[in-house]
Amino acid sequence: MADQRPRVWVSQPLFDDTVAQLAAYCDVVATDEVSAHDSAAIAAQLADVDGALVTLNDRIGAAEIAAASQLKVIANVGVGYNNLDVPVLSAAGIIATNTPDVLTETTADLGFSLLMAAARRIVESDRWLREGSWGQWSFTTMLGADLHGSTLGILGMGRIGQAIARRGHHGFGMKVLYHNRSRLPQDVEQAVGAGYVGFDELLSRVDHLVLVLPYTAQNHHIINAAALAKMKPTATLVNIARGGIVDELALADALVNGRLASAGLDVYENEPTVRPELLALRNVVLTPHIGSASLATRRAMVQVAVDNLLAGLGLGPDAGRPAN
Ligand code: DGY
């Protein structure tokens, strides 16, 4: 009798036990180096597998699944899934899954870290000190902006936005305003301590703005020169969502010309390339898309993705459970 075990592709090296977990149920083709596979390479890998465990490095749409006649499920290791063309996958009968919830608090921590680092000029101070520029203590060295008592804005009020609101409101005594496609129920607003406002009002009223919205064609460059012009020149902008939400050249221009005080960025439009205009600035803190990168959270994300992949194939300890 022919081998009935499904075949799955693991597109990036993850944790040592990931392949072993899948191998208990499937034949696994595992990539052993971190790579952004091009379209042809992805198409070739998907052509003869039943499932795939992929990351944001892997862009999968019509071209990549054209020859994937037996593909049933793509499990994305990540909550954001703008790397997947979900309507195309759905039309082809392919289940797409992501890893919400397990990374919420870790990503909110990073958002807050970037906010603190940028507003209080921590990275800039560190660099300045190491360069030997600290001659004498001075009253006016590295004056930054307060978080406590300030107004925090959140654009996108899903799980991570709410986790940031809680930190701001309950932890730092901030007034929290948010804008979202739809308004939260009143009890949720109260629990996280946030009030709903329109987009323009959010931009103009807040002292700090954190971007946490999903990236879609509609919000491409939603933070552009016109939006930045509405913000306070003393404000800090933090982006932990996706790079394409911000017009990076307009942001660099605002930061150079004193129309925005500082920024903290974890995501970029053309990762892993970061624009030289941003790299040149001292008033921006840059991290390499590490929002969910704590060991415990990355392990949890991989576990959810493995479980989703197996469930999508009708295998594993959770066989029969609906996939996310
Ligand atoms: C996500 O989960 O979408 C992050 O950006 C990658 O960890």
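Definitions and limits used
Along each chain, residue indices are assigned from 1 in the same order as the chain's sequence is written. Only residues with pLDDT of at least 70 are given local features in this predicted model, and only at 80 or more are side-chain atom pairs given and counted; all residues enter the totals for whole chains, interfaces and linings. Elements are defined by DSSP. Helices are runs of H or I of four residues or more, strands are runs of E of two residues or more, and each kind is numbered from the N terminus. Based on C-alpha atoms, the radius of gyration is set beside the globule rule, defined as 2.2 Å times the residue count to the power 0.38. With C-beta atoms placed from the backbone, the exposure class of a residue follows from how many other C-beta atoms lie within 10 Å of its own: 20 or more, buried; 12 or fewer, exposed; in between, partly exposed. We call two residues in contact if the C-beta atoms placed from their backbones are at most 7 Å apart. Nearness here is judged by the C-beta atom: place it from the backbone, and if it falls within 6 Å of a molecule or strand, the residue counts as near that partner. In this count, Pro and Cys sit with the nonpolar residues alongside Ala, Val, Leu, Ile, Met, Phe, Trp and Tyr, while Asp, Glu, Lys and Arg are called charged and the others, Gly among them, polar. Here, any two strands with at least 2 DSSP bridges between them count as paired. Helix axes are fitted to C-alpha atoms over the stretch in contact, other axes to C-alpha atoms as well, and angles between N-to-C directions run from 0 to 180 degrees. UniProt positions are given in the numbering used here, feature names are shortened, and annotations may be inferred rather than shown by experiment. Where each domain starts and ends comes from a domain assignment, either automatic or drawn from a database.

Draft legend 1. Structural context of the overall build of the chain. When helices and strands are tallied, the chain shows 13 helices and 12 strands. Here the chain has a C-alpha radius of gyration of 22 Å; the compact-globule value for 324 residues is 20 Å, and the two agree. Counting only C-alpha atoms, the chain reaches 80 × 50 × 35 Å along its principal axes. A buried classification covers 42% of the 324 residues belonging to the chain. Taking the intrachain contacts of the chain between residues at least 6 apart in sequence as the baseline, contacts between residues at least 24 apart amount to 63%.

Draft legend 2. Here's a closer look at the site of the ligand. Near the ligand the following residues occur: Leu56, Gly78, Val79, Gly80, Leu103, Gly291 and Ser292. Among the residues making up the shell around the ligand, the classes are represented as three nonpolar, four polar and no charged.

Draft legend 3. Main features of the sheet that holds strand β10 (residues 236–239). Spatial strand order, β8-β7-β6-β9-β10-β11-β12: seven strands in an open sheet with parallel pairing. Each having just a single partner strand, β8 (194–196) and β12 (284–286) make up the two edges of the open sheet. On average, each strand axis in the sheet is tilted by 20° relative to the strand beside it, whichever way the strands run. Here strand β11 (residues 262–265) pairs with β12 via three bridges, running parallel. Within β12, the residue paired with Ala263 across the bridge is Val284.

Draft legend 4. Region of interest: the UniProt feature "domain: D-isomer specific 2-hydroxyacid dehydrogenase NAD-binding" (unreviewed entry) in the chain. UniProt's entry tags residues 112–291 with the feature "domain: D-isomer specific 2-hydroxyacid dehydrogenase NAD-binding" (unreviewed entry), counted in the numbering of this structure. Secondary structure across residues 112–291 comprises 36% helix and 16% strand; the distance between its end C-alpha atoms is 10 Å.

Draft legend 5. Spotlight on the sheet that holds strand β4 (residues 73–76). Read from one edge to the other, the open sheet built from five strands follows the order β2-β1-β3-β4-β5, with strand pairing classed as parallel. Of all strands in the sheet, those with a lone pairing partner are β2 (27–30) and β5 (95–97), marking the two edges. Across this sheet, the average inter-strand angle for adjacent strands is 15°, counted without regard to direction. Packing of helix α13 (residues 295–312) onto the sheet brings it into contact with β1 (7–10), β3 (51–54), β4 and β5, and relative to β4 it is tilted by some 170°.

Draft legend 6. Broad picture of the UniProt feature "domain: D-isomer specific 2-hydroxyacid dehydrogenase catalytic" (unreviewed entry) in the chain. The feature "domain: D-isomer specific 2-hydroxyacid dehydrogenase catalytic" (unreviewed entry), as given by UniProt, occupies residues 13–314 in the numbering adopted here. As annotated, residues 13–314 has a helix share of 38% and a strand share of 14%, and its two end C-alpha atoms lie 24 Å apart.

Draft legend 7. Geometry of the domain arrangement of the chain. Assigned domains of the chain: these are domain 1 (7–102 + 295–312) and domain 2 (104–286). Just the C-alpha atoms count here: the centres of domain 1 and domain 2 sit 31 Å apart. If you look at the interface, domain 1 gives five residues, while domain 2 gives six residues.

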